[in-house]
Amino acid sequence: MFTMMNNARLAVGVQGLSQAEAALQAAVAFAHERRQGKTAVPGVESIAGHADVARMLATMAALTAIARAICLDCALSIDMATATGEPAWQARAAFLTPIAKAFGTDTGCEVASLAVQVCGGMGYIEETGIAQYWRDVRVTAIYEGTNGIQAMDLVGRKLADGGAAARALLAEIGETRGVDSRQLSASVRRLAEATDWMLAAAPNDRFAGAVPYLRAFALTLGGHYLARAAAAEPARAPLAAFHAAHLLPEVAALCDAARSGAGAVYAAAPAP
């Protein structure tokens, strides 16, 4: 049963990823065809030349690339665990599974929403097909355990090894060199501190910060994957640099939120 559920969680993560990729491609095509206003980029007359549209497209591309890398790493780890039976591969596969499911589907939702934003009012016109990606992907954050449950699993059962699997991944990320490795090193340090806090905290305090903790881990893994991709193929360096400048800085704030405890959450939750 657990084998079936874990495979299903990865499959749903890939479903979110697939919707993200489709929405990204549709948004890129629209942005390079749609003309509105004068851009600051010589020779570019489409809205792709507007800085904020470029920012949205870059965000979509970075998130999609990270989700793909996480899903592939998770699948590889599952296969290696099956092939070798080694506990290290088993622990890695188990730790990456809730991240692949939650971040893959969160990315699908976020990228599909940004695709609608890139297309503006046309994003709501059925003939463009843009809104369909959002409608199709939204349920994936609920399938096979809501993403909040995935995050609770990550800070609960997946940290039950005393943080060994988490620290092994952080050590691997910490060795990454390339595009702005200082920002990545800072993210690893903050995530290690958040991991230590989780291990010492009461279960409900862990659960209150589980969602930001999972996203912080995913974005930090993303810095690792994109830096390695840039080292292998220099054409990928701009995307890695964008991630380091625009998305990795979120990790510090996410780690602070992860460590804030349950009290503030309950105090702020609206009463009936």
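Our structure is the block above this text.
Below or above, wherever it landed, is the structure these notes cover. Keep in mind that this is a model prediction, so the values were computed, not measured.

1. Observations concerning the packing of helix 2 (residues 51-84) against helix 3 (residues 87-119)
Viewed as axis vectors pointing N to C, helix 2 and helix 3 meet at an angle of 155°, and their least axial separation amounts to 8 Å. Judged by the inter-axis angle, helix 2 sits roughly antiparallel to helix 3. Here helix 2 runs over helix 3; the crossing is left-handed. Of the residues that constitute the contact of helix 2 with helix 3, the class distribution is 23 nonpolar, nine polar and three charged.

2. Details of the layout of surface pockets
What the largest pocket holds in volume is close to 380 Å³. Forming the walls of the largest pocket are 15 residues, and the residues nearest its centre are Ala 65, Ala 69, Tyr 225, Ala 229 and Arg 236. Among the elements of the structure, helix 2, helix 9 (210-232) and helix 10 (237-247) are those that each provide at least two residues to the lining of the largest pocket. For the lining of the largest pocket, the element with the most residues is helix 2, which contributes seven residues. In terms of residue class, the lining of the largest pocket is made up of 11 nonpolar, no polar and four charged.

3. A word on the packing of aromatic side chains
Counted according to the given criterion, the structure contains two aromatic pairs. Both rings, one in Tyr 213 and one in Phe 217, keep their centres 5.9 Å apart while their planes meet at 70°; by these two values the pair is edge-to-face. Within this pair, Tyr 213 and its partner Phe 217 are both found in helix 9, separated by four residues, close to a single helical turn. Accessibility expressed as a relative area gives 0% for Tyr 213, which makes it buried.

4. Notes on helix 2
In this model, helix 2 (34 residues) spans 48 Å end to end at C-alpha, consistent with the 50 Å of a helix rising 1.5 Å per residue. Remark: Gly 85 follows helix 2 within two positions and exhibits a positive phi of approximately 70°.

5. Observations concerning a nonpolar patch on the surface
Taken together, the side chains of Val 139, Ile 142 and Tyr 143 define a hydrophobic patch exposed on the protein surface, amounting to about 240 Å² of accessible area. With respect to the helices and strands, the residue Tyr 143 is situated in the loop between helix 4 (130-137) and helix 5 (147-155). Residue Tyr 143 is classed as partly exposed on the basis of its relative accessible area, which comes to 36%.

6. Focus: the pattern of salt bridges
In total, this model carries 16 salt bridges according to the counting rule given. For the salt bridge of Arg 55 with Asp 52, the shortest nitrogen-to-oxygen distance reads 2.7 Å. Here Asp 52 and Arg 55 lie together in helix 2, a separation of three residues that amounts to about one turn. For Asp 73, the salt bridge is made with Arg 92, and the minimal N-O distance between the two is 2.7 Å. Taken together, the residues Asp 73 in helix 2 and Arg 92 in helix 3 connect sequence positions 19 residues apart.

7. What about the packing of helix 7 (residues 181-200) against helix 11 (residues 250-258)?
Contact geometry of helix 7 with helix 11 gives a least axis separation of 9 Å together with a crossing angle of 10°. When the axes of helix 7 and helix 11 are compared, the pair comes out roughly parallel. Across the interface between the two elements, Ser 187, Arg 190, Leu 191, Ala 194, Trp 197 and Met 198 from helix 7 touch Val 251, Ala 252, Cys 255, Asp 256 and Ala 258 from helix 11. Residue composition of the contact of helix 7 with helix 11, by class: eight nonpolar, one polar and two charged.

8. Digging into the side chain of Asp 153
Looking at the element boundaries, Asp 153 is found in helix 5. Owing to a relative accessible area of 7%, Asp 153 belongs among the buried residues under this scheme. Setting aside chain neighbours within four positions, we find Asp 153 in contact with Arg 9, Pro 98 and Lys 158.

9. Some thoughts on the nonpolar core
Across soluble globular proteins, you tend to see nonpolar side chains buried next to one another. In this structure, Ile 99, Tyr 213 and Phe 217 are the most contacted members of the largest nonpolar core, which totals 77 residues. Excluding residues that lie within four positions of it along the chain, Ile 99 makes contacts with Ile 70, Gly 104, Leu 154, Leu 214, Phe 217, Ala 218 and Leu 221.

10. Describing helix 11
Turning to helix 11, its buried residues number three or more, namely Val 251, Leu 254, Cys 255 and Ala 258. Taken around the axis of helix 11, the buried residues stretch over an arc of 100°, which confines them to a single face. On its buried side, helix 11 packs onto helix 7, helix 8 (203-208), helix 9 and helix 10.

Cut-offs applied
- Residues numbered from 1 in each chain as written.
- Predicted model: local features only at pLDDT ≥ 70, side-chain atom pairs only at ≥ 80, totals over all residues.
- Heavy atoms only, no water.
- Axes fitted to C-alpha atoms, helices over the stretch in contact; angles between N-to-C directions.
- Helix = DSSP H or I, 4+ residues; strand = E, 2+ residues; numbered from the N terminus.
- Parallel < 35°, antiparallel > 145°, perpendicular 65-115°, else oblique.
- Left-handed = near helix turned anticlockwise from the far one by under 90°.
- Nonpolar A, V, L, I, M, F, W, Y, C, P; charged D, E, K, R; others polar.
- 1 Å grid on protein atoms, 1.4 Å probe; cavity = no way out; pocket = protein on both sides within 12 Å on 5 of 7 lines; lining within 4 Å.
- Points joined across faces, edges and corners; volume = space filled by probe spheres on them.
- Phe/Tyr/Trp six-rings, centres within 6.5 Å; stacked < 30°, edge-to-face > 60°.
- Buried < 20%, exposed > 50% of the residue type's maximum accessible area, 1.4 Å probe, protein only.
- Expected span 1.5 Å × (residues − 1).
- Patch = residues over 30% accessible without salt bridge, like charges linked within 9 Å, V, L, I, M, F, W, Y side chains within 5 Å.
- Areas by Shrake-Rupley, 256 points an atom, 1.4 Å probe, with all protein chains shown as cover.
- Salt bridge = Lys/Arg side-chain N within 4 Å of Asp/Glu carboxyl O.
- Contact = heavy atoms within 4.5 Å.
- Core = buried A, V, L, I, M, F, W, Y, C linked by side-chain atoms within 4.5 Å.
- Arc of directions from axis to C-beta.

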